[in-house]
Amino acid sequence: MTVKLNVVGGATIQGGVMVPFAADKGDPGPASTVPGPEGNDGWTPVLAGELDGVRTLIKVADWTGGEGGKPATGMYIGTTGYVSSKAAAFNFNASKRVMVYSAQTNAQGVATIDYSAMGFANAPAVRALPATTAVLSGPTRSSPSSITKDGCLVTVQQQAILTGVLSLLAGATANVLVIEQ
């Protein structure tokens, strides 16, 4: 393979045709060519989209056009370059899902939130929203825990108006905001 470099310092019009100035001659004429060093042709990745649950990943399916040993396939595009695992791959979905989920607390003041139908590939971010109580009886505090890709637990506590003591609140509705990572 020969690489040619056209060195142009300007151009004139001669007979309706643009003729470049050759930088090494300083006058109108054919442009100079400088041969480059010989080397292997580089490889170009053949990229393919791949669904991973609700995520869209970009995978290196093959390589084309190169010389020498063909690079490995099966890698994914991550935030810092090629990565070998799906978990480290960048999700090319344009939007993230944001949902609000609710569940009743049991006798221990704990609600089980199930968002498994969403099919998250990784555990989402879960933020507690104010709990809903049957009667207005004082401020509540909700604490999500045991967060997985399929669900979480939310403990709801109520602060007694007169004593200020926190106690578990049975029969309340725990509310959470679930944000896909």
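Residue numbers run consecutively from 1 along every chain, following the written order of its sequence. Where totals are concerned, whole chains, interfaces and linings use all residues; where local detail is concerned, this predicted model gives features only for residues with pLDDT of at least 70, and gives and counts side-chain atom pairs only at 80 or more. Water and hydrogen atoms play no part in the side-chain values, which are based on all heavy atoms of the structure.

(A) The arrangement of the pattern of salt bridges in detail. By definition, a salt bridge exists where a carboxyl oxygen of Asp or Glu is found within 4 Å of a side-chain nitrogen of Lys or Arg. Here the structure, examined in full by the defined rule, presents six salt bridges. Residues Glu 50 and Lys 86 are paired through a salt bridge, measuring 3.2 Å at the closest nitrogen-oxygen approach. With Glu 50 in strand S3 (residues 44-52) and Lys 86 in the loop between strand S6 (81-83) and strand S7 (98-104), this residue pair connects regions lying 36 residues apart in the sequence. Between Arg 97 and Glu 180 there is a salt bridge, with its nearest N and O atoms 3.2 Å apart. In this pair, Arg 97 is assigned in the loop between S6 and S7 and Glu 180 in the segment after strand S13 (173-179), connecting sequence segments 83 residues apart. Accessibility here uses a 1.4 Å probe with only protein chains present; expressed as a share of the type maximum, an area under 20% marks a residue as buried, one over 50% as exposed, and anything in between as partly exposed. Residue Glu 180 is classed as buried on the basis of its relative accessible area of 6%. By the criteria applied, helices consist of DSSP H or I runs no shorter than four residues and strands consist of E runs no shorter than two, each listed in order from the N terminus.

(B) Just the packing of aromatic side chains, in detail. Only the six-membered ring of Trp is used, alongside the rings of Phe and Tyr, when aromatic pairs are assigned; centres must lie within 6.5 Å, and planes under 30 degrees apart are stacked while those over 60 apart are edge-to-face, with the rest tilted. Tallied over the entire structure, the rule returns four aromatic pairs. An angle of 70° between the planes, with centres 6.2 Å apart, marks the rings of Trp 63 and Tyr 82 as edge-to-face. Of this pair, Trp 63 sits in strand S4 (residues 55-64) while Tyr 82 sits in strand S6, and the two are 19 residues apart along the sequence. Classification of Tyr 82 by relative accessible area gives partly exposed; the value is 43%. With centroids separated by 4.8 Å and ring planes inclined at 80°, the aromatic side chains of Phe 90 and Phe 92 adopt a geometry described as edge-to-face. A relative accessible area of 37% places Phe 90 in the partly exposed class.

(C) How the structure looks around unusual backbone geometry. Of note in the backbone geometry, Ser 146 takes a positive phi value of approximately 50° without being a glycine. Relative to the helices and strands, Ser 146 is located in the loop between strand S10 (140-145) and strand S11 (151-159).

(D) Representation of the environment of Ser 146. When the C-alpha positions of Ser 146 and Thr 112 are compared, they lie 9.9 Å apart, and in sequence the two are 34 residues distant. Here, two residues are considered to be in contact whenever any of their heavy atoms come within 4.5 Å of each other. Setting aside residues up to four positions removed in sequence, Ser 146 forms contacts with Gly 151, Cys 152 and Leu 153.

(E) Examining the sheet that holds S7 more closely. If you walk across this open sheet you meet the three strands as S7-S13-S9, and the pairing is antiparallel. Pairing within the sheet leaves two strands with one partner each, and these edge strands are S7 and strand S9 (125-132). Direction aside, the axes of adjacent strands within the sheet are offset by 25° on average. At least two bridges found by DSSP between two strands are what make those strands a pair. Relative to S13, S9 runs antiparallel, the two sharing six bridges. Geometry is summarised by axes, namely lines fitted to C-alpha atoms with helices restricted to the contacting stretch, and by angles between N-to-C directions that run from 0 to 180 degrees.

(F) Quick look at the confidence of the model for the protein chain. Per-residue confidence from the prediction method is given by pLDDT, with values spanning 0 to 100. When pLDDT is averaged along the protein chain, the result is 78; 72% of the residues meet or exceed 70. Mean pLDDT across the secondary structure elements of the protein chain bottoms out at strand S1 (residues 8-14), with 48, and peaks at strand S8 (residues 110-114), with 95. For residues 1-13, every residue scores under 50 in pLDDT, and the model assigns this stretch 36 contacts once sequence neighbours within four places are set aside. Segment residues 21-25 is flagged for pLDDT under 50; beyond a separation of four residues in sequence, or across chains, it makes 16 contacts in the model.

(G) Representation of the side chain of Asn 91 in the model. Mapping Asn 91 onto the fold places it in the loop between S6 and S7. When neighbours within four sequence positions are excluded, Asn 91 is seen to be in contact with Arg 55, Thr 56, Leu 57, Lys 96 and Glu 180.

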